[in-house]
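Understanding the architecture of this molecule
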Amino acid sequence: MTPEMLESLQRLAEKLIVHWDVNVQGIELIQGGQMALVWKIMTDDGPRCLKRMNRPEKKSLFSINAQNYLAKKGARVPGIIPTKQGSLYAKQGPFLFVLYDWVEGRTFDITLPEDMEWIMKGLANYHLDSVGYVPPSGIPIFTKLGRWPNHYVKRCQQMRSWKMLAEKTPEDPFSKLYVQEIDYFIDFGEETLLKLQDSHYPEWVAQCKARPNLCHQDYGTGNTLLANDEVWVIDLDTTTFDLPIRDLRKMIIPSMGDTGVWNDDVINHMLKGYESVNPLSVDQKKVMLTDMLFPYELHEITREKYGKKNEVLEDELAIAMQFERAKVTEINRIISDLG
């Protein structure tokens, strides 16, 4: 960032912090991306975190109030410091700004078994602690409960539309491989939709709607800290109501997808950590495994290429396809073993 940009952000923080009853000793810009703005505010009472919410206001209000609920309940999320007027946020233009407690801790290295166990226990506690959250009157409810079938259909449609884009560049090795192989994965995605609808999924959704829990949606090493032998969860911007296994799938599959190889030890260790806090029934595990059958990793790689227009190598596509094929056999074996 240029000195001018840094000075501008410094002035912005100084202008905003007056909304809170704190005695400022210093301000340090921690993150200054296009949307993500985070400052460390040194005060007489210790460090605080000033953050610009990077979601639309309605979604931000849902997550801000969710975090406040969790913190007051004693969950390991940073507490929100109210403004002088008692509000959970200050508004500047179209953006909401929130002041949090600053959590000092270390990040996790999930290649270490003990760290993986810690982080999965933290996820389970997050799910359990969030049960009971009801947004205040007037705050829109954000939920993905029951919407997985729509997500499947949308992704299959996207993969079809990307095939048409790939056909326009037959000389590109990535596109050539994509056109040759993608129909199989689209068909399999549609078959997975039928399996999901025929599983415990609809019943579980109905149960969860009566007493929902939150899903973080971006849980991982970037949004967790270990402090005083406890897992702290940060950056709740994308939190929504959904089945807890959505977060599990988004942790488990990417941890193996990069290698192109299914690894029983990885899923067993992750589930062991999670279930030591929040056990899953056999039916719930089958829903999770059925969801894992969908070609998420392949979709993500292809979205980088055709959706985000980033350069992606043919080898990356080949590895993703290899993983998607390998995991089907392994997941069906696990489902069969469950009975």
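The structure this text deals with has already been given above.
Calculation rules
Residues numbered from 1 in each chain as written. Predicted model: local features only at pLDDT ≥ 70, side-chain atom pairs only at ≥ 80, totals over all residues. Heavy atoms only, no water. Helix = DSSP H or I, 4+ residues; strand = E, 2+ residues; numbered from the N terminus. Rg over C-alpha atoms; globule rule 2.2 N^0.38 Å. Buried < 20%, exposed > 50% of the residue type's maximum accessible area, 1.4 Å probe, protein only. Contact = heavy atoms within 4.5 Å. Core = buried A, V, L, I, M, F, W, Y, C linked by side-chain atoms within 4.5 Å. Phe/Tyr/Trp six-rings, centres within 6.5 Å; stacked < 30°, edge-to-face > 60°. Expected span 1.5 Å × (residues − 1). Arc of directions from axis to C-beta. Polar contact = N/O pair within 3.5 Å; in protein donor to acceptor, adjacent residues only side chain to side chain. Axes fitted to C-alpha atoms, helices over the stretch in contact; angles between N-to-C directions. Parallel < 35°, antiparallel > 145°, perpendicular 65-115°, else oblique. Left-handed = near helix turned anticlockwise from the far one by under 90°. Nonpolar A, V, L, I, M, F, W, Y, C, P; charged D, E, K, R; others polar. Salt bridge = Lys/Arg side-chain N within 4 Å of Asp/Glu carboxyl O. Pairing = 2+ DSSP bridges.

A few points about the overall build of the protein
Secondary structure assignment for the protein yields 11 helices and nine strands. What you see for the protein is a C-alpha radius of gyration of 22 Å, in line with the 20 Å of a compact globule of 339 residues. Principal axes of the C-alpha set define a box for the protein whose edges measure 60 × 50 × 40 Å. Within the span of the protein, comprising 339 residues, buried residues form 48% of the whole. A separation threshold of at least 6 residues defines the contact pool for the protein, and within that pool the share at least 24 residues apart is 72%.

Section: the nonpolar core
Grouped together as the largest cluster of nonpolar side chains are 83 residues, with contacts concentrated most on M120, L243, I245, L248, W262 and M292. A per-element tally of this core places helix α5 (residues 173-197) first, with nine residues. In contact with L248, other than residues within four places in its own chain, are M120, L123, Y274, L280 and M288. Within the second largest apolar cluster, 15 residues are counted, among which are L16, I17, L50 and A90.

Focus: the side chain of H200
With respect to the helices, strands and loops of the structure, H200 is situated in the loop between α5 and α6 (201-210). Excluding its chain neighbours within four sequence positions, the residues that come into contact with H200 are Q207, D283, Q284 and V287.

Some words on the packing of aromatic side chains
Scanning all chains against the criterion turns up 15 aromatic pairs. Aromatic pair Y178 and Y306: ring centres 5.6 Å apart, planes at 55°, arrangement tilted. Remark: Y306 occurs in helix α10 (residues 296-307) and Y178 occurs in helix α5; sequence separation between them is 128 residues. We classify Y178 as buried; its relative accessible area is 0%.

Describing helix α8 (residues 264-275)
The terminal C-alpha atoms of α8, which comprises 12 residues, lie 16 Å apart, in line with the 16 Å expected from a rise of 1.5 Å per residue. All of the buried residues in α8 are I267, M270, L271, G273 and Y274. Relative to the axis of α8, the buried residues are bounded by an arc of 160° and lie together on one face. Facing away from the buried side of α8 by over 90 degrees, the exposed positions are D265 and K272. You can read the cap of α8 off the contacts: a side-chain oxygen lies 2.9 Å from the backbone nitrogen of D265, and it is on N263.

Side note on the packing of helix α3 (residues 113-130) against α8
Axis separation between α3 and α8 bottoms out at 7 Å; the angle between their running directions is 45°. Judged by the angle between their axes, α3 and α8 are oblique. For α3 against α8, the interelement crossing comes out right-handed. Facing P113, M116, E117, M120, K121, L123, A124 and H127 of α3, the residues of α8 in contact are H269, M270, G273 and Y274. A class-by-class count of the residues in the contact of α3 with α8 yields seven nonpolar, three polar and two charged.

Comments concerning the pattern of salt bridges
By the definition in use, this model includes 21 salt bridges. The partner of R106 in a salt bridge is D115, and the shortest N-O contact between them spans 2.9 Å. Taking the relative accessible area as the measure of exposure, D115 reaches 2% and is therefore buried. The closest approach of N and O atoms between K305 and D172, which form a salt bridge, is 3.1 Å. Linking K305 in helix α10 with D172 in the loop between α4 (148-167) and α5, this pair joins segments that are 133 residues apart in sequence. On the accessibility criterion, K305 (14% relative accessible area) is buried. What you see here is one network of salt bridges that share partners, running through D264, E330, R333 and D337.

A look at the side chain of N278
With respect to the secondary-structure elements, N278 resides in the loop between α8 and α9 (282-293). Here the side chain of N278 touches Y274 through a polar contact of 2.9 Å, side chain to side chain. Aside from chain neighbours lying at most four places away, what touches N278 is A124, H127 and L128.

Focus: helix α1 (residues 3-17)
Over its 15 residues, α1 extends 21 Å from the first C-alpha to the last, a length consistent with the 21 Å expected when each residue adds 1.5 Å. Taken together, the buried positions of α1 are occupied by L9, L12, A13, L16 and I17. Here the buried residues of α1 occupy an arc of 120° about the axis, which is enough to place them on one side. Exposed side of α1, more than 90 degrees from the buried face: P3, E4 and K15 are the residues found there.

Let's talk about the pairing of strand β8 (residues 230-233)
Sheet topology note: the strand β7 (residues 224-227)/β8 ladder contains four bridges and is antiparallel. Paired with L226 across the bridge in β8 is V231. Counting the residues in the hairpin turn of β7 and β8 gives two residues, including N228, whose phi is positive at 55°.

Let's talk about unusual backbone geometry
Peptide bonds are trans in most cases, and residues, glycine excluded, mostly fall at negative phi. Look at N228: it is not a glycine, yet its phi comes out positive at around 55°. With respect to the helices, strands and loops of the structure, N228 is situated in the loop between β7 and β8. Of note in this structure, D229 is not a glycine but carries a positive phi near 60°. Inspection of the secondary structure assignment puts D229 in the loop between β7 and β8.

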